[in-house]
Amino acid sequence: MKKDIRFHAGKYDVVVVGAGHAGCEAALATARLGKKTLMLTMSLDAIAMMACNPNIGGTGKGHLVREIDALGGQMALIADQAMIQFRMLNMSKGPAVHSLRAQADKRIYHVNMKQVIEEEPNLDLKQGEAVEVIVENSQVTGILTKTGGLYLADAIIICTGTYLKGRIYMGEVNFEGGPSGLFPANDLSNSLKQLNIDLKRFKTSTPARVHRDSIDTTVMEIQEGDNPIEPFSFMNSKIDVSQVPCYLTYTNEKTHDIIKGNLSRSPMYAGEMESIGPRYCPSIEDKVVRFSDKDKHQIFVEPEGLDTKEMYIQGFSTTLPEEVQIQMYRSVSGLEKCEIMRPAYAIEYDCIDPTQLKRTLELKFIDNLFFAGQVNGSSGYEEAAGQGLVAGINAVMNLDNNEPLVLDRSEAYIGVLIDDLVTKGTNEPYRMMTSRAEYRLVLRQDNADLRLTEKGRRVGLVNDDRYLKFKEKEQLIENEKVRLKKVIANPTDEVQAYLKEIGAVPLKTGVSLLDLLRRPEVTYLNCAVIDKERPILPEPVWKQVETQIKYQGYIEKQFKQIEQFKKLEGKKIPESIDYNLITGLRLEARQKLSLIKPDSLGQASRVSGVSPADMNVLMIYLEQMRRTKNDER
Amino acid sequence: MDRDTIGAVATSVGIAGIGIVRVSGDQAIGSVSNIFKSKKGQSLDMLSNRKIHYGWIVEEDGKIIDEVLVVPMKRPYTYTKEDVVEIHCHGGIVSVERILKKLLDQGVRLAERGEFTKRAFLNGRIDLSQAEAVMDLVSAKTKNSFQLSMNQLQGRLSQALNDIRKQLVDMLAHIEVNIDFPEYDEEEVTREHLLNISREIESKIFRLIETSEVGMIHREGIKTLILGKPNVGKSSLMNYLLNENRAIVTDIPGTTRDTIEEFVNLAGVPLKIIDTAGIRQTEDIVEKIGVEKALHKIDEADLILVVFDGSRYLEEEDLMIMEKIKDKKALYLLNKTDLEEKISFDSIPYIKDVLIRISIINNEGLMAIEKEVKKLFLKASINVEEDAVVNNIRHKNLLLKAKSAIKDVIQSIEDQQTIDCIEVDIMETLEYLGEITGDAVREDLVDKIFSDFCIGK
């Protein structure tokens, strides 16, 4: 880039690079918190683009969406508008793992999010490619675009998704490219490298989209949505939409033979592609090779939207050449005559090693440079959005010298996500799963508002409307619990008849309804017959009451574990600590700790390569440091 | 972290051919050098590392304290990862004590119990469970106990725990895959399956806890109390067991006034024997204290050897003793079978059957004691050479917690609780077991999910 073409393009408090799911949350957060914000994107037509599957939510991810909502983010609101099918997963498995999942109309999602961004007063939206982050004295000062525009900024949030040095792979064919036929961003990657930021190379893949009219859904299993629809956002009480179905079909021996016969044409198996892909999203050739005992694999056929004929073929992602794709797709029942509209491809991209970030998502060694989303090695729209929101909030907290928003593992899935990324790093695109959360029973999707609305209020993203609604709900829950404790069910004929009816043991003495609700057979709904004075409550309220009462024993157990956890989290490690002076630590532990710079003993214990023995040494050292300090006083 | 230089007598105090004094720390070589005169005339730091050097420990005036072999070992390849020197001198108390005294004069600090191992641990040479095993090894009382510690060092307990942990992780991975990937056609884990596995795990943990009784006995010895009215031969019995005349033995009743503790190795079972003043209703105040002490000790004892005098009639004191110990593990020994038998147990038939007839003077019937002790304490089913044995209180406590957690799992399954609740207790079980070996849980699990199940879009 020649210097003479540079021009002064403007001055902003915050510049957000990228307009995907992370960028949108980040920019909306900073703008809403009063910062003059610029959102730079390579294409205005790709704002909040769902580049892969047409779903929002799912296990763990549905939790993230609700948390984003409770904190005052945007994703849940838009997802509710774009919803064309709703399912509550894991209904048979208990409230901690109930997960909302929606089929979303991709175009509606994009259009509606774009509109919200355009209407946001403090937010400018511009098309342009960022090519260089300008840093002076370890502090960001601005960003340069490909066309020479120099934007001054106090903080920058990088949300580049899979664009950095993106490369598309389809069999023997590979070329530079971003997702969905868009351009890649090559220069910014180099700029980051020059700032001494460690980059990694990840890959991910997406299946083909086929024309609805070319497939036969009548031979497939139909998958309808659940009713009634439960909205993602706590601000919505219901969604009226006629739901569209998805379909399920299977691969077969013939499909597998085609794949096996063409393995050498896959760049992964040919060894041309060495980047690391996600284990939870294996290509079909991976599945066939690794699980060769399975004679069929599931293929889900999902609409990409209401006004498009494109169908997303979930379970069928591949890096095999287009020619082979056509053969193998057509070997599947119902897809015999399918016309592929967009072929499957894998994309390889640069991301940063997220252990270079603080838990605020700010880079450890450059002030006010934040990263969020797939560029941090994560995967998924919801994971990206969660990080975008946290990065946005913390950029503002930084600029205003306010206390940052750091959610810990016992407070939110977002906390688990960020802690995992910055503490352990990741060797593959990181996906949220409920099994990554230690305190799952407490971190439910149904209580995300109870956990996080106050925090969102503190940082300033929760408006009065949301806050009042939340306070009212909180009060109703509390009142109802108090009431249930006071109402006594006595062993009257009526009560005994009710218990007999539901197959429960009869009462010997009077018990409160609250205690009665702990019995597995008793539900809030079925005990209405013996609870005559019951007030009429919104469903989320009585459901919350029921869950809290029914699982109280287990929840208390988790609270005890959380107490233990908080003790270690509370033991802060001074920033000035020099791990190389602690001779008792093994070399690996010394190196890892020096790199990660954990802020507490709790975080230190999660750094990979730090053994329990190392932790003992560290604890003893900190204790000695503390004592020496006290002695000096 | 700078640490001072520590020293201690490394061998056990008592009658032995050689004694070893060990020093560790930055000043280890320097301080020994100051008091050591090598035959070759060189100072210690000039002599080759990790070799044995002959010479003398001497006073400032050159007077020889002892003739010694000295081994200097430079860091980091030593037990503590610090400079270590071992001084091999003559055995017994005098020599080691005098050498240690000289070292303390040089500024070496007397090591606390277990401090060498603590340093090995702090310096990252060994992990926590190994450190604990070493501590057990140091205080091992008999060969079997030594074997137990060696097994633990080599990870037999770890192996047994890992087997259980693997079962738990498999079970969890299956549950988690059902939870996190509900759309996929992985088989749903059934409650029956969970229940069966949980019960199996419970019994495995239970068995490990069971072995802890044996394990702990091997480390700490079976607290054995010798009880009997005065002059029935208690001290003679103890002396026989000790093979030395430690306690005073006379014909005057009431000579042993206090309790004395000794360790003996009886057919591989370590006994910590407490001799007591004879139980006698007495007015003698000193003796009375001894008697009360003895009765008090009954509660703590693991084994009681009751001695009767066959040449005397059964007396009230005998009956009192039997009343006091009726809930304890006991051997009933009828001594003095060499004399005319006057005692009769017709009134207490249960004793008649288990009575062991001995004559300590004539060395008769004593093998039967060994046999009975073995029968009582070495459960035939636990083989010290083969089984994983728990012989550490911390481990035992964690196992007890794990057992209670897996019991909760079983209870929750039986109560038809939802899977996310059951999982809380499974995870807890896993975490307690992991605390023993020091392994992380979550990463195992995620790896397991992806290696065992075919999932993903």
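This is a predicted model, so every value here is computed, not measured.

**Concerning the overall build of chain B**
- Helix and strand counts for chain B stand at 15 helices and 13 strands.
- Relative to its 457 residues, chain B shows a buried fraction of 42%.
- Long-range pairs, those at least 24 residues apart, make up 65% of the contacts in chain B between residues at least 6 apart in sequence.

**Digging into the overall build of chain A**
- In terms of regular secondary structure, chain A is built from 19 helices and 22 strands.
- For chain A, whose C-alpha radius of gyration is 26 Å, the value lies close to the compact-globule estimate of 26 Å for 633 residues.
- For chain A, the C-alpha atoms occupy an extent of roughly 90 × 80 × 50 Å along the three principal directions.
- Burial analysis of chain A (633 residues in total) assigns 52% to the buried set.
- Relative to all contacts within chain A whose residues are 6 or more apart in sequence, the contacts with residues 24 or more apart total 73%.

**Comments concerning the environment of A:Arg32**
All names here are of chain A.
- Following the sequence through the fold, arginine 32 ends up in helix α1 (residues 21-32).
- Residue arginine 32 is classed as buried on the basis of its C-beta count, with 22 C-beta atoms lying within 10 Å.
- Once the C-alpha coordinates of arginine 32 and glutamate 120 are considered, the two residues, 88 residues apart in sequence, prove to be 7.7 Å apart.

**Quick look at the sheet that holds strand β1 (residues 6-9) of chain B**
All names here are of chain B.
- Read from one edge to the other, the open sheet built from seven strands follows the order β3-β4-β5-β6-β2-β1-β7, with strand pairing classed as mixed. A single partner strand is all that each edge strand has here, and the edge strands are β3 (36-38) and β7 (109-110).
- Across four bridges, the pairing between β1 and strand β2 (residues 18-24) is antiparallel. Bridged to alanine 8 within β2 is arginine 22.
- In this fold helix α1 (residues 28-35) packs onto β2, β3, β4 (53-58), β5 (64-73) and β6 (84-90), with an angle of close to 35° to the strand it touches most, β6.

**Observations regarding the sheet that holds strand β10 (residues 167-170) of chain A**
All names here are of chain A.
- Sheet architecture is open: four strands sit in the order β11-β10-β19-β12, paired in antiparallel fashion. Across the chains shown, the open sheet's two edge strands, defined by having one partner strand only, are β11 (173-176) and β12 (199-206). Direction aside, the axes of adjacent strands within the sheet are offset by 20° on average.
- In terms of strand pairing, β12 meets strand β19 (residues 345-352) through eight bridges, oriented antiparallel. Paired with phenylalanine 202 across the bridge in β19 is tyrosine 349.

**Focus on the pairing of β19(A)**
All names here are of chain A.
- β19 sits mainly inside the fold: eight of its eight residues count as buried.
- Alternating positions in β19 separate into two faces, Tyr345, Ile347, Tyr349 and Cys351 on one and Ala346, Glu348, Asp350 and Ile352 on the other, with burial throughout.
- Where β10 meets β19, three bridges bridge the pair, whose relative direction is antiparallel. The residue bridging isoleucine 168 from the neighbouring strand is isoleucine 347, located in β19.

**Observations regarding the nonpolar core**
- Core analysis: the biggest nonpolar cluster contains 177 residues, and A:Val15, A:Ala79, A:Ile156, A:Ile157 and A:Phe370 have the highest contact counts within it.
- With sequence-adjacent residues up to four places away left out, A:Ile156 is seen in contact with A:Val15, A:Val17, A:Val133, A:Val140, A:Ile143, A:Asn368, A:Leu369 and A:Phe370.
- One finds B:Ile35, B:Val84, B:Val85 and B:Ala111 within the second-largest nonpolar core, a separate group that totals 27 residues.

**Overview of the environment of A:Leu361**
Residues and elements named next belong to chain A.
- Residue position: leucine 361 is located in the loop between β19 and β20 (369-371).
- Leucine 361 sits 57 residues away from isoleucine 418 along the chain, and the two C-alpha atoms are 7.9 Å apart.
- Contacts of leucine 361, omitting those with residues within four sequence positions, involve Phe370, Phe371, Ala372, Gln387, Val390, Ala391, Asn394 and Ile418.

**Points about the domain arrangement of chain A**
All names here are of chain A.
- Along its sequence, chain A is organised into domain 1 (3-204 + 349-459), domain 2 (209-346), domain 3 (471-557) and domain 4 (571-632).
- Centre-to-centre separation of domain 1 and domain 2, based on C-alpha positions: 26 Å.
- Each partner contributes residues to the interface: domain 1 has 40 residues there, and domain 2 has 43 residues.
- Put simply, the parts of the chain that give the side of domain 1 that touches domain 2 at least two residues each are α2 (61-70), α3 (75-82), β4 (83-89), β5 (99-104), α4 (106-119), β10, β11 and β12.
- Among the elements that line the side of domain 1 that touches domain 2, the one with the most residues is β4, at six residues.
- For the side of domain 1 that touches domain 2, the residue count by class is 18 nonpolar, nine polar and 13 charged.

**Describing the pairing of β5(A)**
Residues and elements named next belong to chain A.
- Where burial is concerned, most of β5 is hidden: six out of the six residues are buried.
- Here β5 shows no split at all, with Ser99, Arg101 and Gln103 on one side and Leu100, Ala102 and Ala104 on the other all buried.
- Taken together, the three bridges between strand β3 (residues 55-57) and β5 define a ladder with antiparallel strand orientation. When the sheet's bridge partners are listed, asparagine 55 is paired in β5 with glutamine 103.
- Judged from the six bridges that link them, β4 and β5 form a sheet pairing that is antiparallel. Within β5, the residue paired with phenylalanine 86 across the bridge is alanine 102.

**Examining the packing of helix α11 (residues 448-459) of chain A against helix α12 (residues 464-486) of chain A**
All names here are of chain A.
- Between α11 and α12, the least distance of the axes is 11 Å, while the angle of their chain directions is 145°. As α11 runs across α12, the sense of the crossing is left-handed. Contacts between α11 and α12 involve Asp449, Leu450, Thr453 and Arg457 from the first element and Tyr467, Phe470 and Glu474 from the second.
- Here the contact of α11 with α12 is composed, by residue class, of three nonpolar, one polar and three charged.

**Here's the deal with the environment of A:Ser242**
- Mapped onto the fold, A:Ser242 is located in the loop between β14 (221-223) and β15 (246-250).
- Residues A:Ser242 and A:Ile84, 158 residues apart in the sequence, show an inter-C-alpha distance of 7.2 Å.

**Overview of the packing of α2(A) against α11(A)**
Residues and elements named next belong to chain A.
- The contact between α2 and α11 brings their axes to 8 Å, and the two run at 35°. Two packed elements cross with a definite hand, and for α2 against α11 that hand is right-handed. Where α2 abuts α11, its residues His63, Arg66, Glu67 and Ala70 lie against Ala448, Asp449, Arg451, Leu452, Thr453 and Gly456.

**Some words on the confidence of the model for chain B**
Residues and elements named next belong to chain B.
- For chain B, mean pLDDT is 76; residues scoring 70 or higher make up 69% of the total.
- Between the elements of chain B, mean pLDDT differs from a low of 54, seen in helix α5 (residues 143-153), to a high of 92, seen in α1.
- Contacts of residues 244-259 to residues separated by more than four positions or lying in other chains number 42 contacts, the stretch itself having pLDDT below 50.
- For this predicted complex, the interface score ipTM comes out at 0.81, while the overall pTM is 0.76.

Conventions and cut-offs
- Residues numbered from 1 in each chain as written.
- Chains lettered and ligands numbered in written order.
- Predicted model: local features only at pLDDT ≥ 70, side-chain atom pairs only at ≥ 80, totals over all residues.
- Helix = DSSP H or I, 4+ residues; strand = E, 2+ residues; numbered from the N terminus.
- Buried ≥ 20, exposed ≤ 12 C-beta atoms within 10 Å, placed from the backbone.
- Contact = placed C-beta atoms within 7 Å.
- Rg over C-alpha atoms; globule rule 2.2 N^0.38 Å.
- Pairing = 2+ DSSP bridges.
- Axes fitted to C-alpha atoms, helices over the stretch in contact; angles between N-to-C directions.
- Core = buried A, V, L, I, M, F, W, Y, C linked by C-beta atoms within 7 Å.
- Domains from an automatic or database assignment.
- Nonpolar A, V, L, I, M, F, W, Y, C, P; charged D, E, K, R; others polar.
- Left-handed = near helix turned anticlockwise from the far one by under 90°.
- pLDDT = per-residue confidence, 0-100.

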